[in-house]
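Each chain, written out:
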Amino acid sequence: MMAAGQDHTTLEKRAVVSSFIFGYPNEPCEEPVVALFKRSDRVSTYRHRIAPISGSISRKDKDPLAAAWREISEETTLTPSTVAFWRMGMPFTFADESVGREWTVHPFGFRLRSSALGGGGKSAIRIDWEHEGWQWYNPTAVVNDAGFDGVPHLRESLRRVWFEGEMPDRVGRSLAAGLERLKNDHESGAQELTAIAGAVFRDLVVQMETTPDSLVWWETVRMTAWHLVKNGRESMGAATLNLLLVVLQDLEECWKLDTTSAQRLDRMLSVIDFHLQSRTSRARQVKDTFASYLRSAFLSNEEEARDRLTILTLSASSTIRDSIVDAFASVDVPTLELRILESRPLFEGVSMASSVLSEFQARYSSDSGRKLAISLYTDASAAVAAQNVDMVLLGADRISLSKGVSNKTGSLPVVLSAKHINPNVPVVVLSDLEKVNGETGLIDDEKHEDNDPKEVISAWSSDEIKGVQTVEEAVVHQSQPGNSSVDVRNIYFEWVPFSFVDAFISGEGVLDDRQIREKARQQGELSSRYFDSLPIRY
């Protein structure tokens, strides 16, 4: 206990990770179990108490998730080949005067890979000296009372990751399904994912049985929004964050209205619908702004009529896909030459080519005088594809004040190649301001989305590449002792610095630095307002 007269300023501050390992013993099934470990008498605090895998965040750890992986490896021997990162929970701080410390807890959730998927299942867990044993628990049975004998705020740590456990069953299942849909959607662009996240959020507000006039209801709504941003597709979540922040701002006004619960809820749903529909109208404005840019940049000063416009792009940006044929229709150029990189490993460039071709054929007959010439290039041919182009056209999944534009991996090689061949070629980014990510810390601009290497390996396997089986076996068994290893990286996004971007085209017009900074500032204020004040309640 604390000595008389001691206060929180004298407590030792310690940042720690709490990693919950979830399993699905009857996979596939909807309800998980969670592994909890009984701490041994050799640890310094909370001896013989039930806990997740925990440990301090050291100066050597580049971020809390790195610390979580380190602790999992040391205390259970699990590796990325046997357990997969699943979710993170909102960090929180509490003081425990009995041990003289103030803890800041960073909760994480991991999923144990089943034996069917080559992960080894529960047999892969081998505890070290810090634990006396471990067992599976029903997450709903984890409580804070003395009879359970858990470490302080165990239930809070768990619920911050497995938040659906705080909701009625039907609402919790809907949240879990929505998060899985966002996380596993590797085909939709940021615009489409934001629409999906907005629709999921609306459905959850409808399903919540608690009347929208209680403080707990308002806290639940805000935490739901946080999870949709952080545990959907964080790398593409800036647009979702900005949408949900402006929705929360209007919902707060509705929540404060002096009216019946039913009337208040109806008003809230109207607000959400308004914001979802306004995103559609902004897409029309992006097309108009892009068309205006084409006319001013390529046609206004031409001494002779231009017969061809050549654009280089990649991946399958929905903004580019929806804008390019409309913009071409507004300029007096007979031929659009569109060069598209294939974008491995999912070959979204092929999908882009198909979509643009279908739209063009639906709009123009063979005798219209309009022509579309599409050329698909391998990603390695970026420099060849960049020869004699009029423009490099990119989408954006995120815009960061410090990093630049985040887009599909391959964007930076395209830009560098094009600028090397012709330093004056314009690099144009089509993006709404909602893609701007402020320096809130909620979406980590330093974090890479490193996806399942099987997506890359399967492409090699389908082409029967020589040696692929040896590589695949090395990846699967990388956790076993040995003096060699193979790591297949499947990183989806990379940064293009602002210095390479010549124009940002959005529904608000051609953006400048001032507008981007103002959007980042607004996001920071609203993010702090709605997420920083969520209390410890469980």
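Since the structure is predicted, the reported quantities are computational estimates derived from the model, not experimental observations.

Conventions used here
Residues numbered from 1 in each chain as written. Predicted model: local features only at pLDDT ≥ 70, side-chain atom pairs only at ≥ 80, totals over all residues. Heavy atoms only, no water. Helix = DSSP H or I, 4+ residues; strand = E, 2+ residues; numbered from the N terminus. Rg over C-alpha atoms; globule rule 2.2 N^0.38 Å. Buried < 20%, exposed > 50% of the residue type's maximum accessible area, 1.4 Å probe, protein only. Contact = heavy atoms within 4.5 Å. Salt bridge = Lys/Arg side-chain N within 4 Å of Asp/Glu carboxyl O. Pairing = 2+ DSSP bridges. Right-handed = clockwise from strand over helix to strand, strands pointing away. Axes fitted to C-alpha atoms, helices over the stretch in contact; angles between N-to-C directions. Domains from an automatic or database assignment. Buried area = accessible area lost by both parts, 1.4 Å probe. Parallel < 35°, antiparallel > 145°, perpendicular 65-115°, else oblique. Nonpolar A, V, L, I, M, F, W, Y, C, P; charged D, E, K, R; others polar. 1 Å grid on protein atoms, 1.4 Å probe; cavity = no way out; pocket = protein on both sides within 12 Å on 5 of 7 lines; lining within 4 Å. Points joined across faces, edges and corners; volume = space filled by probe spheres on them. Expected span 1.5 Å × (residues − 1).

Participant: Break down the overall build of the chain for me, citing the residues and quoting the values.
Facilitator: If you tally the helices and strands in the chain, you get 14 helices and 19 strands. Its C-alpha atoms give the chain a radius of gyration of 26 Å, within 12% of the compact-globule value 24 Å for 538 residues. With the C-alpha coordinates aligned to their principal axes, the bounding extent of the chain is approximately 85 × 70 × 45 Å. Classification of the 538 residues of the chain by burial places 52% in the buried group. Nonlocal contacts in the chain, meaning residues at least 24 apart in sequence, comprise 77% of its contacts between residues at least 6 apart.

Participant: Give me the lowdown on the pattern of salt bridges, citing residues and values where you can.
Facilitator: What the rule picks out here adds up to 37 salt bridges. A salt bridge links Arg321 to Glu192; the shortest N-O distance between them is 3.4 Å. With Arg321 in helix α8 (residues 318-329) and Glu192 in helix α4 (residues 190-207), this residue pair connects regions lying 129 residues apart in the sequence. Of the charged contacts in the structure, one is a salt bridge between Arg339 and Glu337, with a shortest N-O distance of 2.9 Å.

Participant: Could you give an account of the pairing of strand β11 (residues 371-377), naming the residues involved and the relevant values?
Facilitator: Direction of pairing for strand β10 (residues 335-341) relative to β11: parallel, over a ladder of seven bridges. Following the sheet pairing, Thr335 is matched in β11 by Lys371. Crossover handedness for the path β10 to helix α9 (residues 348-363) to β11: right-handed.

Participant: I'd like a rundown of the sheet that holds strand β9 (residues 308-314), residues and numbers included.
Facilitator: Taken in spatial order, the seven strands make up an open sheet running β11-β10-β9-β12-β15-β18-β19, and their pairing is mixed. For this open sheet the edge positions go to β11 and β19 (509-511), each flanked by a neighbour on one side alone. Looking at each pair of strands side by side, their axes are set apart by 25° on average, direction ignored. Note that β9 and β10 share seven bridges and pair parallel. Opposite Thr313, over in β10, you have Ile340 as the bridge partner. Sheet strands touched by helix α7 (residues 261-299): β9, β12 (391-394), β15 (427-430), β18 (503-506) and β19. Its angle to β18, the strand with the most contacts, is close to 140°.

Participant: Explain the domain arrangement of the chain to me, and be specific about the residues and the numbers.
Facilitator: Along its sequence, the chain is carved into domain 1 (12-162), domain 2 (169-280) and domain 3 (284-441 + 493-525). The gap between the C-alpha centroids of domain 2 and domain 3 is 30 Å. Between domain 2 and domain 3, the residue contacts involve 15 residues of the former and 19 residues of the latter. Where domain 2 abuts domain 3, roughly 1400 Å² becomes buried across the two surfaces, and 46% of that area is made up of carbon and sulfur atoms. Ranking the residues of domain 2 by area buried against domain 3 places Gln191, Ser235 and Asn242 at the top, with a combined share of 35%. Inspection of the region where domain 2 meets domain 3 yields two salt bridges. Glu434 is paired through a salt bridge with Arg279; the nearest N and O atoms lie 2.7 Å apart.

Participant: Tell me about the packing of helix α5 (residues 215-230) against helix α14 (residues 513-531), and name the residues and values.
Facilitator: Contact geometry of α5 with α14 gives a least axis separation of 10 Å together with a crossing angle of 130°. Judged on the interaxial angle alone, α14 and α5 are oblique. Across from Trp218, Arg222, Ala225 and Trp226 in α5, the residues of α14 making contact are Arg529, Tyr530 and Phe531. Looking at the contact of α5 with α14 residue by residue, the classes come out as five nonpolar, no polar and two charged.

Participant: Report on the layout of surface pockets, specifying residues and quantitative values.
Facilitator: Put simply, the second largest pocket is a space of about 460 Å³. Surrounding the second largest pocket, 27 residues form its lining, Val16, Arg39, Thr45, Ser54 and Gly55 being those nearest its centre. Listing elements by their share of the lining of the second largest pocket, those giving two or more residues are β1 (12-23), β4 (53-56), α1 (64-76) and β7 (101-112). Looking at the lining of the second largest pocket residue by residue, the classes come out as 12 nonpolar, eight polar and seven charged.

Participant: So what's going on with empty space enclosed by the protein? Which residues, and what values?
Facilitator: This model, assessed by the stated rule, comprises three cavities of 30 Å³ or more. Put simply, the largest cavity is a space of about 260 Å³. If you list the elements that add at least two residues to the lining of the largest cavity, you get α4, α8 and β14 (404-408). Counted by class, the lining of the largest cavity contains eight nonpolar, 10 polar and six charged residues. Shared between two domains, the lining of the largest cavity holds at least three residues of each, these being domain 2 (169-280) and domain 3 (284-441 + 493-525). Counted as a void, the second largest cavity has a volume near 60 Å³. Breaking the lining of the second largest cavity down by element, the ones donating at least two residues are α4 and α5. Among the elements that take part in the lining of the second largest cavity, α4 stands out by supplying three residues, more than any other. Class assignment of the residues belonging to the lining of the second largest cavity gives a composition of six nonpolar, four polar and one charged.

Participant: Help me get a handle on α5, residues and values and all.
Facilitator: In a regular helix each residue adds 1.5 Å, so 16 residues correspond to 22 Å; α5 covers 23 Å between its end C-alpha atoms and thus fits that length. Counted residue by residue, α5 has 14 buried out of 16 residues, so it is predominantly covered.

Participant: Now, about unusual backbone geometry: what can you tell me, with residues and values included?
Facilitator: A cis amide bond links Arg344 with the next residue in sequence, Pro345, at an omega value of 5°. Position of Pro345 relative to the elements: it lies in the loop between β10 and α9. The residue Thr77 is not glycine, and still its phi comes out positive at about 65°. Tracing the chain through its elements places Thr77 in the loop between α1 and β5 (83-88).

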